[in-house]
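Here is what each chain is made of, one letter per residue.
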Amino acid sequence: MSKKLYVARSPRIAARMLGEEMLVMAGQGSTLFTLNPTATILWQAADGVTPLDQIVESRICSEFEVQPEEAIRDAEALAADLAKHGILLLSQEPIAQVNSSAPVTR
Amino acid sequence: MSALLQEMSERALRLGVPLSVQLDLTYRCNEQCVHCYLDHDDHGEMTTAEIKHLLKEMAEAGVFILTLSGGEIFLRKDFFEILECARALTFCIKLKTNAVMIREAQAARLRDLGVESIQVSIYSHRPEVHDAITKLPGSLRRSMNAIRFLKSQGLKVIMANVLMTENLQDIHGARALAEELGAEYTLDPTVTPMMDGDRSILKLNAGEGVLHNLFRDESFVSDADEFCATPPAPNEESMASLPCSAGHTACYVSPYGEFYPCVQFPLSCGNVRQQRFIDIWRNSERLQEVRSIRLRDLSGCSSCAHGSTCSRCPGLAFLEGNMRGPSTADCEKSFARTGIPSVNLLAKKELAKTMPAPARLIQIQLVPAVTGSRLSSVGAPQALAAANVEPANLTSEALAL
């Protein structure tokens, strides 16, 4: 059985909902991203203590009609991509958050 | 502006979201710059609790980019407490500071808090010029050290210069200093009136001749021919265009809670101490009026050749007396770029012809006051050009300086 993957929002990231999308600015390099609704759900749920597969099952599979295996595979790829840009932190252990505030949504 | 940020701005405009806010934490300052537009006395700044409450309201309203400025922000003893609160609310934070109070520890803390950029005001690479402008001995050395501390933490630093009669000779030197320090460099060619409407500091503006040369200097403008080209005639699209983001996707809050469309547009739309931020943003009648203004509504500008390319600042127009009118500082920039006078400048020229003689004498009397103390730093020709004295007017009053 593969190890659990934990995801946490990077404390150096700026984020705000704008309409249906999440605006995210990675502090280093001032790079601006927008997250689509699926990535936004993942981002908002990334509290560092809930495993990724649990986030997918409870938040994504219920929202979008997808099979858990396929959704987890996609979520792992998405999480890795967001981590590559410094937006998410990934670990096989729970992550203690420096700044655990969820971004304000409207 | 990146294409994505442009797209986000357009979306914010459609959604009515205040994407960007400048919040001045204090007007107090440890420098006393000769060109500053602020009254530095404290007339009752918002408390820490009031600012934290405001930050929460702004986050709920959708504000993404938060610029913390002043005055000098590091004079607030609660500055880092405010900054921590702002970061917890996940704003994209930009700082404007003179940086003289930033040491290694402050720079490290700014890095830890994920500040997006720090804009530092530097007016020259020469201490005798910079410190004379800030009236704080040693300020250039301290600001430069601070930039080094900030850069050593990997932070983005923007060195912001303002072109004025005091530093005409130093714009290239200052830019070289920015390059040496690893900072970006911006040059604002306009000294603006004080927020209370006092226009006396406008005498520090560089003048048409200097702007003419600056706008053709390809180390500042990437393509001088394009930048200075004759503007295309305004079309329906430009007639319907918005002047700028002030009041549309951006606004300003003073240390006293006053809500303006922009820091350069001191039209009070409400006070966040009395009303919720979002209620002022949505319901202020004055803000609605600002939002309703289009190029076609502007007296003079709507029939001006520069209509499609003019950088007219509505705040400067407001400070000149009419937010639906021209901003003469921008008319002068358009003229310096293209050699084509704006409708406003032509009207002023016609008016000047009909002015009685005593008014002209007053203009001549202004020359010694403008140039007298500056000749040692900028040289007589530039100082005279800055005072907008035509060569034919170089009479004994000017030569006696």
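Look up a bit, the structure's there.
For clarity, every value in this text was computed on a predicted model and none was experimentally measured.

Enquirer: Explain the overall build of chain A to me, please; I cannot follow it from the model alone.
Expert: Within chain A, the secondary structure is distributed over three helices and six strands. Helices (α) and strands (β) of chain A occur, in sequence order from the N terminus, as β-β-β-β-α-β-α-α-β. Each of the 106 residues in chain A was classed as buried or not, and the buried ones make up 32%. In chain A, once contacts between residues fewer than 6 apart in sequence are set aside, the share between residues at least 24 apart is 58%.

Enquirer: Got a minute to help me understand the overall build of chain B in this structure?
Expert: Secondary structure assignment for chain B yields 19 helices and eight strands. Buried positions account for 44% of the 401 residues belonging to chain B. Pairs at least 24 residues apart make up 70% of the contacts formed inside chain B by residues separated by at least 6 positions.

Enquirer: Looking at this model, I keep getting lost on the pairing of strand β3 (residues 21-26) of chain A. Mind explaining?
Expert: In the case of a regular strand, side chains alternate between the two sheet surfaces. Residue and element names in this part refer to chain A. Of all six residues making up β3, five are buried, and the element is well covered by its neighbours. With six bridges joining them, strand β2 (residues 13-18) and β3 adopt antiparallel strand pairing. Within β3, the residue paired with Ala 15 across the bridge is Val 24.

Enquirer: How should the nonpolar core be read in this particular structure?
Expert: Soluble globular proteins: nonpolar side chains tend toward being buried together. Membership of the largest hydrophobic core comes to 122 residues, with the highest contact counts inside it found for A:Val24, A:Leu42, B:Val63, B:Leu66, B:Phe91, B:Leu150 and B:Tyr260. The contact partners of B:Tyr260, leaving out residues within four places of it in the chain, are B:Cys251, B:Tyr252, B:Phe265, B:Pro266, B:Leu267, B:Ser268 and B:Cys269. Counting five residues, the second-largest nonpolar core is a separate cluster that includes B:Leu295, B:Leu298, B:Cys301 and B:Cys304.

Enquirer: Mind showing me how you'd approach the sheet that holds strand β5 (residues 157-162) of chain B here?
Expert: Where strands meet in a sheet, backbone hydrogen bonds hold them as pairs that are either parallel or antiparallel. Pairing in this open sheet of eight strands is mixed, and the strands run β6-β5-β4-β3-β2-β1-β7-β8 (chain B) from one edge to the other. In this open sheet, the two edge strands, each paired with only one partner strand, are β6 (184-188) and β8 (259-260) of chain B.

Enquirer: Please explain the sheet that holds β3(A) as it appears in this structure.
Expert: Residues and elements named next belong to chain A. Strand order in the open sheet formed by three strands is β2-β3-β4, and the pairing between neighbours is antiparallel. The open sheet has two edge strands with one neighbour each: β2 and β4 (31-35). Averaged over neighbouring strand pairs, the angle between their axes works out to 20° when direction is ignored. In this structure, β3 lies alongside β4, joined through five bridges in antiparallel fashion.

Enquirer: Hey, could you run me through the pairing of strand β1 (residues 20-24) of chain B in this one?
Expert: All names here are of chain B. Within β1, four of the five residues are buried, leaving the element largely enclosed by the surrounding structure. Across five bridges, β1 lies against strand β2 (residues 65-69) in parallel orientation. Across the sheet, residue Leu 23 finds its bridge partner in β2, namely Leu 68. Looking at chain direction, β1 and strand β7 (residues 250-253) are connected through four bridges and run parallel.

Enquirer: It is not clear to me how the interface of chain A and chain B should be interpreted in this structure. Could you clarify?
Expert: When the parts come together, some accessible area is lost, and that loss is often what is quoted as the size of the interface. Listed by partner, the interface residues are 19 residues for chain A and 23 residues for chain B. Those elements that provide at least two residues to the side of chain A that touches chain B are β2, β3 and β4 of chain A. It is β2(A) that contributes the most residues to the side of chain A that touches chain B, four residues altogether. Of the residues belonging to the side of chain A that touches chain B, the class tally is nine nonpolar, seven polar and three charged.

Enquirer: Even after reading the chapter, I still don't get the environment of A:Glu20, so can you show me in this structure?
Expert: Relative to the helices and strands, A:Glu20 is located in the loop between β2 and β3. Sequence separation between A:Glu20 and A:Asp74 is 54 residues, and the spatial gap between their C-alpha atoms is 20 Å.

Enquirer: I tried to follow the environment of B:Arg14 on my own but got confused; where do I start?
Expert: Residues and elements named next belong to chain B. Relative to the helices and strands, Arg 14 is located in helix α1 (residues 3-15). C-beta crowding within 10 Å serves as the criterion here: with 10 such atoms nearby, Arg 14 is assigned to the exposed category. Separated by 234 residues in sequence, Arg 14 and His 248 have C-alpha atoms that sit 9.5 Å apart.

Enquirer: Sorry, what's going on with the packing of helix α5 (residues 127-134) of chain B against helix α6 (residues 139-152) of chain B here?
Expert: Pairs of packed helices are described in terms of their axes, by the angle between the two and the distance that separates them. Residues and elements named next belong to chain B. α6 packs onto α5 with a crossing angle of 100° between their chain directions and a minimal axis gap of 8 Å. In terms of axis orientation, α5 runs roughly perpendicular to α6. Together, Pro 127, His 130, Asp 131 and Thr 134 of α5 and Ser 139, Leu 140 and Arg 141 of α6 make up the contact between the two elements. The residue makeup of the contact of α5 with α6, split by class, is two nonpolar, three polar and two charged.

Enquirer: How should the packing of helix α2 (residues 52-60) of chain A against helix α3 (residues 68-84) of chain A be read in this particular structure?
Expert: All names here are of chain A. The interhelical angle for the contact between α2 and α3, taken along N-to-C directions, is 120°, at an axis separation of 9 Å. Judged by the angle between their axes, α2 and α3 are oblique. Helix-helix and strand crossings are classified by hand; for α2 and α3 the assignment is right-handed. Taken together, the residues of α3 that come into contact with α2 (itself represented by Leu 52, Asp 53, Val 56, Glu 57 and Ile 60) are Pro 68, Ala 71, Ile 72, Ala 75, Glu 76 and Ala 79. By residue class, the composition of the contact of α2 with α3 is eight nonpolar, no polar and three charged.

Enquirer: What is the right way to read helix α3 (residues 79-88) of chain B from this model?
Expert: Each full turn of the α-helix corresponds to 3.6 residues, which orients residues three or four apart in the same direction. All names here are of chain B. Considered for burial, the residues of α3 that qualify are Phe 79, Ile 82, Leu 83, Ala 86 and Arg 87. All buried residues of α3 lie within an arc of 135° about the axis, which places them on one face of the element. Buried residues belonging to α3 abut α2 (48-61), β2 and β3 (92-97). Thr 90 sits one or two residues past α3 and shows a positive phi near 55°.

Enquirer: Honestly, the environment of B:Arg148 in this entry has me stumped. Any pointers?
Expert: Residues and elements named next belong to chain B. One can find Arg 148 in helix α6. Overall, Arg 148 belongs to the partly exposed group, with 16 C-beta atoms counted inside 10 Å. Residues Arg 148 and Glu 128, 20 residues apart in the sequence, show an inter-C-alpha distance of 20 Å.

The rules behind each value
Residues numbered from 1 in each chain as written. Chains lettered and ligands numbered in written order. Predicted model: local features only at pLDDT ≥ 70, side-chain atom pairs only at ≥ 80, totals over all residues. Helix = DSSP H or I, 4+ residues; strand = E, 2+ residues; numbered from the N terminus. Buried ≥ 20, exposed ≤ 12 C-beta atoms within 10 Å, placed from the backbone. Contact = placed C-beta atoms within 7 Å. Pairing = 2+ DSSP bridges. Core = buried A, V, L, I, M, F, W, Y, C linked by C-beta atoms within 7 Å. Axes fitted to C-alpha atoms, helices over the stretch in contact; angles between N-to-C directions. Nonpolar A, V, L, I, M, F, W, Y, C, P; charged D, E, K, R; others polar. Parallel < 35°, antiparallel > 145°, perpendicular 65-115°, else oblique. Left-handed = near helix turned anticlockwise from the far one by under 90°. Arc of directions from axis to C-beta.

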